[in-house]
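Tertiary structure, described
These are the residues of each chain, in order.
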Amino acid sequence: MKKKFETEAIRTQMERSQNLEHSSPIYMTSSFVFEDAEDMRASFAEEKDRNIYSRYSNPNSSEFIDKVCKMEGAENGFAFASGMAAVYSTLAALLNAGDHVVSSKSIFGSTHSLFTQFFPKWNITTSYFDATDLSSIEGLIQPNTKIIYAESPTNPGVDVLDLEVLGNIAKKHGLIFIIDNCFATPYLQQPIKFGADLVIHSGTKLMDGQGRVLAGITVGNNELMDKVYRFSRITGPALSPFNAWVLSRSLETLAIRVDRHCSNALELATFLENHPKIEWVKYPFLKSHPQYEIAKKQMKAGGCVVAFEVKGGLDAGRKFFDSIELLSLSANLGDSRSIVTHPASTTHSKLSKEEREAVGITDGMVRVSVGLEHIDDIIADIEQALE
């Protein structure tokens, strides 16, 4: 019997040991022992599916991976020490010298740096398309194009890309379609349903939800994940057993937490949309959002991130940040505590002013990761800072 999302998140666990524990124990071990020489040989020859070394696999990491695979509808996965380890390792495992990537312009700053500063050293090139204009994608595809890469919703501008359109283009041209699903989580959106081959998450964000651990994960089909696994097994970006254990427990409350994040975020976005000191506000489930209908088609709710601009430009924005009292000034997101961030000077500061403006990151843009505090208190702090 197929179980509901919330049930899978709670009941997907490793097999109990002889101690019959109700909650999964932590396997804080670097390696595992063998019964005899033949057991060791067969294990390293991959004739047996068993744990050898925690850089390869660990019961806690496997439990975390199993949960996310069931949530996303994926066949297999690998868990990483951070979200960027997941992004880099996934791309590096699949790309060869001379390959080409077609990517959305609206991506996380560190991912942009991979495409522009590091991959060119290996003759891997990238062409960018506008997240709000998918009609240009096919014109960017070259004979050596290997991957279509995107985020949806995007960071930090919360644009929404039509995943079905991207999936159809990738299928038509025989390309690997990879989606960073961090802002949505598998609770709100499952890109594999729309044609994605691989889905990446920063577990640091909403999956953990309390700002405690760094983590990343990639899930998808067996063939591609085998390549990602073998690259990662050698290069060593594996998630620690303790952090995997924390994340498995966190996923048990993901649905109920994200529901609250989304209801708070929508209420804040609605408040800001009617505030005289706000130039504009973007949130996927606001009817004024340019891709509102697409968001409604592929997402359960709008997520935790609201983007807006304070009237008065950079100086007004700086005054707003300096006046915040309750909310946290941080570069993280998806925390139980609400966070305000200035993308132009933090998460996307490595982009030039022209690059930022091309993806809608103005000097005065504010990104709010709406937390789990009472919405009246969140709004009151933002209102007094605006005043």
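Residues numbered from 1 in each chain as written. Predicted model: local features only at pLDDT ≥ 70, side-chain atom pairs only at ≥ 80, totals over all residues. Heavy atoms only, no water.

**Describing the overall build of the protein**
- For the protein, the count of helices and strands is 15 helices and 12 strands.
- A compact globule built from 387 residues would reach a C-alpha radius of gyration of about 21 Å, and the protein, at 21 Å, matches this within 12%.
- With the C-alpha coordinates of the protein rotated into their principal frame, the extents come out at 75 × 50 × 35 Å.
- The 387 residues of the protein split such that 56% are buried.
- Counting only contacts in the protein whose residues sit at least 6 apart along the sequence, the fraction spanning at least 24 positions is 72%.
- Taken as a whole, the protein presents about 16,700 Å² of accessible surface, with 51% of it coming from carbon and sulfur.
- Of the side chains in the protein, 39 bear a positive and 49 a negative charge, and the two mean positions are spaced by 2 Å. (Helix = DSSP H or I, 4+ residues; strand = E, 2+ residues; numbered from the N terminus. Rg over C-alpha atoms; globule rule 2.2 N^0.38 Å. Buried < 20%, exposed > 50% of the residue type's maximum accessible area, 1.4 Å probe, protein only. Contact = heavy atoms within 4.5 Å. Areas by Shrake-Rupley, 256 points an atom, 1.4 Å probe, with all protein chains shown as cover. Lys, Arg positive; Asp, Glu negative; His and termini not counted. Charge placed at Lys NZ, Arg CZ, Asp CG, Glu CD.)

**What about the pattern of salt bridges?**
- This model, assessed by the stated rule, comprises 19 salt bridges.
- For the salt bridge of K146 with D99, the shortest nitrogen-to-oxygen distance reads 3.4 Å. Taken together, the residues span a long stretch of sequence, with K146 in strand 4 (residues 145–151) and D99 in the loop between helix 4 (83–94) and strand 2 (100–104) at a distance of 47 residues.
- Among the residues examined, K146 registers a relative accessible area of 25% and is labelled partly exposed.
- For D99, a relative accessible area of 12% puts it in the buried group.
- For K277, the salt bridge identified is with E387, shortest N-O distance 3.9 Å. Note that K277 is positioned in the loop between helix 11 (254–273) and strand 8 (278–282) and E387 in the segment after helix 15 (375–386), a separation of 110 residues in sequence.
- Using a relative accessible area of 60% as the deciding quantity, one classes E387 as exposed.
- When salt bridges that share partners are traced, they join E46, D226, R230 and R233 into one network. (Salt bridge = Lys/Arg side-chain N within 4 Å of Asp/Glu carboxyl O.)

**Notes on the side chain of H112**
- Looking at the secondary structure, you find H112 in helix 5 (residues 109–118).
- Residues within four places of H112 in sequence aside, it is in contact with I107, Y128, L351 and E355.

**Concerning the nonpolar core**
- Counting 76 residues, the largest nonpolar core has F64, L166, F308 and F320 as the members making the most contacts within it.
- Residue contributions to this core peak at 8 residues, all from helix 11.
- If near-sequence neighbours (up to four positions away) are discounted, F308 is found in contact with L272, I278, W280, V281, F320, G364, M365, V366 and V368.
- Membership of the second largest hydrophobic core comes to 24 residues, among which are F119, I176, I178 and L198. (Core = buried A, V, L, I, M, F, W, Y, C linked by side-chain atoms within 4.5 Å.)

**Quick word on the pairing of strand 4**
- Taking burial as the measure, the 7 residues of strand 4 include 6 buried ones, the bulk of the element.
- With 4 bridges connecting them, strand 2 and strand 4 associate as parallel partners. Counterpart to H100 in the pairing with strand 4 is T145.
- As paired strands, strand 4 and strand 5 (residues 176–180) are joined by 5 bridges and run parallel to one another. Among the inter-strand pairings, E151 is bridged to a residue of strand 5, identified as D180.
- This β-α-β element, strand 4 to helix 7 (residues 163–173) to strand 5, shows right-handed connectivity. (Pairing = 2+ DSSP bridges. Right-handed = clockwise from strand over helix to strand, strands pointing away.)

**Brief notes about the packing of aromatic side chains**
- Applying the stated criterion across every chain, the model contains 15 aromatic pairs.
- On the numbers, 6.2 Å between centres and 25 degrees between planes, the contact of F242 with W245 is stacked. Of the two residues, F242 and W245 are both situated in helix 10 (residues 241–251); the distance of 3 residues between them amounts to about one turn of the helix.
- For F242, a relative accessible area of 38% puts it in the partly exposed group.
- Judged by relative accessible area, which is 23%, W245 ranks as partly exposed.
- Lying across the ring of Y56, R233 places its NZ or CZ 3.8 Å from the centre. (Phe/Tyr/Trp six-rings, centres within 6.5 Å; stacked < 30°, edge-to-face > 60°. Lys NZ or Arg CZ within 6 Å of the ring centre and 35° of its normal.)

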